[in-house]
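A closer look at the structure
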Amino acid sequence: MSASMQTADSVERPPLPPHGWSRQRILGYGLVVLWAFMGIGLVAYLISAWNTELFQKYAPGYVSGIGITLSLVGISIVVGAILSVPIAYGRMSRNPVIAGLAYAYVYFFRGTPLLAQAFLVYYGFGSFRPELDAVGLWWFFREAFNCAIFAFSLNTAAYQAEILRGAIQSVPKGQWEGAASLGLHKLQTLRKIILPQALIVALRPYGNEVILMIKGSAIVAIITVYDLMGITRLTYSRTFDFQSYLWAAIIYLLIVETLRHAIDWIERRITRHLKR
Amino acid sequence: MQSVWTLLSWGSEGWLDDIAYGALVTVCLALATLPVGLLIGFLIALAKQSSERSLRLAGDIYTTIFRGLPELLTLFLVFFGAQIGIQQAVRLFNPEATVEVNSFVSGMIALGVVFSSYASEVFLSAFRAIPQGQYEGGFAVGLSKAQTMRLVVLPQLIRIALPGLANLWLILLKDTSLVSAIGLTDILRQAGVAARVTKHAFLFFGVAALIYLALAIVSSIGISAIERWVGKQEAHR
């Protein structure tokens, strides 16, 4: 009797909070210290490798590289957003031909690497130079930067179309029916009822898409655009100084982290009315 | 001017055999990266769902860094960084030595690290979907911590994480194309060589894109087969 009471006692007692140096804590502190050492090592290396002459020579290039990266992503995202509307409409269409075409477009651009798409435009369109000359478009595709914008816009349009479609379809059907019963026509319903709700759902995927584009834009360095990555490769090929890559890494991390926190802040702000 | 079909034939005249070899390299790289990425990703996820704060912090730093860096930059950091690092280590013993780092291994490490940081998020959300009662049930029937993980949690975890991991696999397959930038003869590199020699750039890069598309389609078929199989396992219970 007393034995069973004792076991019941010991079972019902809440688990003791971990104290002292458990194996997990040792491992965790070890890893954090390792990260800290790597961070200190990075800073120490950058200070020891500091070279004012080099900095003055290449820093302006980095600044213009950041500008090119950001403008490339900015233009592509905006053009892609415009293109994504008809594609999303096509994906939701009941007409099998339109829906099929939109599906094929999205599947192609999401199923092939961005690098292959950029090559296809930059090198591939050169095969059609006479034809492009005849239409008067060759000046556009002669520039690597324009080719990158072209490829990136088509690519992000496919992703953004899926985001838009997912967000619109996440709004319950009753919202459409309710608006219809109030006598709103379809376009009004979309603009005043559906989109405000859908955009809240879409904000996070859109933010992720912007971040993915910034990271993906590094590949334009391979097709000779001097964005941040391109400048970095150029600097490395001239100086063979590994810090050129480390600076690029720091800048990319700063851009991405800033964006991520900005998106978090916007999301918190526009969902204030949903919090209880 | 050769015809399109001669260019795409198998053998010395055409380029299909070269591109097929590139496809083999691409698939091998992706398949070799997958287990590395899954293992590291799982360990990072374990760290991030641990009750120990320092472990969570270490895991978060890892994910923040490798999800924030462009894949191409990670690749270059690994490729050139490893080259310089190993070279300096070797020069301590043999000052004349020059070291060439294998681009396949660099690609495997870089892509594996990127894959694992995304996979850890997938595993983490799967961990959160498994109720605490599953662990408690495992302990209650007398299983040890490791046994509970292996016999009770892991089978459910894989089932929940599968769609997310399938997505990451498709992304990995596409990211292997970046390794062509450090000289691995994958699909895109071979297509580029063919394009430069024959001046049929659109044709060969188009073929390369279609091969990636075909790999994606084959993968989706395989993935849905695995999902069906896993679903059936569940139905048996």
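Scroll up for the structure.
The following refers to the structure shown. (Residues numbered from 1 in each chain as written. Chains lettered and ligands numbered in written order. Predicted model: local features only at pLDDT ≥ 70, side-chain atom pairs only at ≥ 80, totals over all residues. Heavy atoms only, no water.)

**Some words on the overall build of chain A**
Regarding its fold elements, chain A presents 12 helices and 0 strands. Counting from the amino terminus, chain A carries its helices and strands in the arrangement α-α-α-α-α-α-α-α-α-α-α-α. Relative to its length of 276 residues, chain A is extended, with a C-alpha radius of gyration of 27 Å against a globular reference of 19 Å. With the C-alpha coordinates of chain A rotated into their principal frame, the extents come out at 100 × 70 × 30 Å. Nonlocal contacts in chain A, meaning residues at least 24 apart in sequence, comprise 73% of its contacts between residues at least 6 apart. Here chain A displays about 16300 Å² of accessible surface, and carbon together with sulfur accounts for 68% of that area. Side-chain charges in chain A split into 24 positive and 14 negative, and the spacing between the mean points of these groups amounts to 7 Å. (Helix = DSSP H or I, 4+ residues; strand = E, 2+ residues; numbered from the N terminus. Rg over C-alpha atoms; globule rule 2.2 N^0.38 Å. Contact = heavy atoms within 4.5 Å. Areas by Shrake-Rupley, 256 points an atom, 1.4 Å probe, with all protein chains shown as cover. Lys, Arg positive; Asp, Glu negative; His and termini not counted. Charge placed at Lys NZ, Arg CZ, Asp CG, Glu CD.)

**Concerning the interface of chain A and chain B**
By convention, interface size is frequently given as the accessible area that disappears when the constituent parts associate. Of the residues lining the interface, 42 residues belong to chain A; the matching set on chain B comes to 44 residues. The salt bridge involving Arg25 of chain A is made with Glu52 of chain B; its shortest N-O contact spans 2.9 Å. Where chain A meets chain B, there are 9 residue pairs in polar contact (both at pLDDT 80 or more). When residues of the side of chain A that touches chain B are traced back to their parent elements, those giving at least two are α2 (23–48), α4 (96–111), α5 (114–122), α10 (186–216), α11 (228–239) and α12 (243–270) of chain A. (Salt bridge = Lys/Arg side-chain N within 4 Å of Asp/Glu carboxyl O. Polar contact = N/O pair within 3.5 Å; in protein donor to acceptor, adjacent residues only side chain to side chain.)

**Side note on the nonpolar core**
Counting residues in each nonpolar core, the largest one holds 103 residues, and the members touching the most others are Met229 and Tyr245 of chain A together with Leu73 and Phe204 of chain B. If you look at the next biggest cluster of nonpolar residues, it comprises 14 residues, including Ala102, Val106, Ile163 and Ala198 of chain A. (Core = buried A, V, L, I, M, F, W, Y, C linked by side-chain atoms within 4.5 Å. Buried < 20%, exposed > 50% of the residue type's maximum accessible area, 1.4 Å probe, protein only.)

**Points about the environment of Arg91 of chain A**
Residues and elements named next belong to chain A. If you trace the backbone, Arg91 turns up in helix α3 (residues 52–92). With sequence-adjacent residues up to four places away left out, Arg91 is seen in contact with Ala102, Tyr103, Val106, Glu162 and Arg165. In terms of polar contacts, Arg91 uses its side chain to reach the side chain of Glu162, at 2.9 Å.

**Observations concerning the packing of aromatic side chains**
Under the counting rule described, the total for this entry stands at 29 aromatic pairs over all chains. Here Phe140 of chain A and Phe141 of chain A contribute two aromatic rings whose centre-to-centre distance is 5.1 Å and whose plane-to-plane angle is 85°, an arrangement assigned as edge-to-face. A relative accessible area of 23% places Phe140 of chain A in the partly exposed class. Taken together, Phe125, Phe128, Trp139, Phe140, Phe141 and Phe150 of chain A together with Phe202 of chain B form an aromatic cluster joined through their ring pairs. (Phe/Tyr/Trp six-rings, centres within 6.5 Å; stacked < 30°, edge-to-face > 60°.)

**Some remarks on unusual backbone geometry**
The backbone of Thr224 of chain A sits at a positive phi, close to 60°, despite the residue not being glycine. Mapped onto the elements of the fold, Thr224 of chain A is located in the loop between α10 and α11. Looking at Thr224 of chain A, the relative accessible area reads 45%, which means it is partly exposed. The phi angle at Lys199 of chain B is positive, at roughly 65°, despite the residue not being glycine. As for its position among the elements, Lys199 of chain B is in the loop between α8 (187–198) and α9 (201–236). Looking at Lys199 of chain B, the relative accessible area reads 66%, which means it is exposed.

**Looking at the packing of α3 of chain A against α11 of chain A**
All names here are of chain A. Running from N to C, α3 and α11 point in directions that differ by 155°, and their axes come no closer than 7 Å. In terms of orientation, α3 lies roughly antiparallel with respect to α11. Taking contact as the criterion, the partners of Leu54, Tyr58, Gly61, Tyr62, Gly65, Ile66 and Thr69 in α3 are, on α11, Leu228, Ile231, Thr232, Thr235, Arg238 and Thr239. A class-by-class count of the residues in the contact of α3 with α11 yields 6 nonpolar, 6 polar and 1 charged. (Axes fitted to C-alpha atoms, helices over the stretch in contact; angles between N-to-C directions. Parallel < 35°, antiparallel > 145°, perpendicular 65-115°, else oblique. Nonpolar A, V, L, I, M, F, W, Y, C, P; charged D, E, K, R; others polar.)

**Some words on the pattern of salt bridges**
All names here are of chain A. All chains considered together, the criterion is met by 9 salt bridges over all chains. Salt-bridge contacts for Arg129 lead to Asp133; the nearest nitrogen and oxygen are separated by 3.8 Å. Linking Arg129 with Asp133, this pair stays in helix α6 (residues 129–135), spanning 4 residues, or about one helical turn. Overall, the relative accessible area of 41% leaves Asp133 in the partly exposed class. The closest approach of N and O atoms between Arg260 and Glu257, which form a salt bridge, is 3.0 Å. Taken together, the residues Arg260 and Glu257, both in helix α12 and 3 residues apart, mark about one turn of the helix. Overall, Arg260 belongs to the partly exposed group, its relative accessible area being 31%. Overlapping salt bridges, with partners in common, bring together Arg91, Glu162 and Arg165 in one network.

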